[in-house]
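# Report on the structure
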Amino acid sequence: MSESSENAVLGGGCFWCLEAVYEDVRGVKDVVSGYAGGSVENPTYEQVCSGATGHAEVVRITFDPAVVSFGDLLEIFWKIHDPTTLNRQGADVGTQYRSVIFYETQKQKEAALKSKEEAQKYFSAPIVTEIAPLTKFWPAEEYHQDYFRRNPYQGYCQAVVAPKVEKFKKSFKGWIK
């Protein structure tokens, strides 16, 4: 990997799912679960889950753009969650589980808009993914980091996270580390 790196901040339901997938992507240097898009400074998991802070559960993906592009990460994003359901992914319901792309640059904004338009061809329902500027990313509590790797046999991980990881591995064989 090269020395250069960029960040992508994405929300697509529970951050454990996205973190588990993106940790396996070639060119990804780090994935941190956290919160973005809300009004409370340094929110806790309990505050975010209440729905009162406006934050979404997100992952901050640090990647090498010489190996994997922001667009590549978005291609994976569209396929590992349902971007047509407003404020929910499966049984996880609330604004904290919304589908969202937080961009850091104008180039990322343009790539996100173009990618969303391209992805719409594969969905019969309209994509409801929010595309918004990143104002602040707050890392989640330590016990949320690397959750799937540390808790592979936990019920939610078996029922929800593991199938998403398997779907990624089948659909993106060339992108696995």
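Every value quoted in this text rests on a predicted model; they were computed, and no experiment measured them.

Criteria and cut-off values
Residues numbered from 1 in each chain as written. Predicted model: local features only at pLDDT ≥ 70, side-chain atom pairs only at ≥ 80, totals over all residues. Heavy atoms only, no water. Phe/Tyr/Trp six-rings, centres within 6.5 Å; stacked < 30°, edge-to-face > 60°. Helix = DSSP H or I, 4+ residues; strand = E, 2+ residues; numbered from the N terminus. Buried < 20%, exposed > 50% of the residue type's maximum accessible area, 1.4 Å probe, protein only. Lys NZ or Arg CZ within 6 Å of the ring centre and 35° of its normal. Core = buried A, V, L, I, M, F, W, Y, C linked by side-chain atoms within 4.5 Å. Contact = heavy atoms within 4.5 Å.

### Brief notes about the packing of aromatic side chains
Considering all chains together, one arrives at six aromatic pairs under this definition. A centroid spacing of 5.6 Å and a plane angle of 75 degrees characterise the contact between Trp16 and Tyr156, whose relative ring orientation is edge-to-face. Of this pair, Trp16 sits in helix α1 (residues 15-22) while Tyr156 sits in helix α6 (residues 155-171); the two residues are 140 residues apart in sequence, bridging distant segments of the chain. For Trp16, a relative accessible area of 11% translates into the label buried. The interplanar angle of 25 degrees and the centroid separation of 5.8 Å between the aromatic rings of Phe168 and Phe172 together place this pair among those described as stacked. Residue classification places Phe168 among the buried positions, given a relative accessible area of 1%. It is Lys136 that lies over the ring of Trp138; its NZ or CZ is 4.8 Å from the centre.

### Quick word on the nonpolar core
Within the largest apolar cluster, 40 residues are counted, with the highest numbers of intra-cluster contacts made by Tyr22, Ile61 and Leu73. Within the residue set of this core, elements represented by two or more residues are β1 (6-12), α1, β2 (28-36), β3 (56-63), α3 (70-80), α4 (106-119), α5 (147-150) and α6. Excluding residues that lie within four positions of it along the chain, Tyr22 makes contacts with Leu10, Val28, Val31, Val59, Ile61, Leu73, Ile76, Phe77 and Ile80. Counting nine residues, the second largest nonpolar core, distinct from the first, contains Ala36, Ala56, Phe102 and Ala132.

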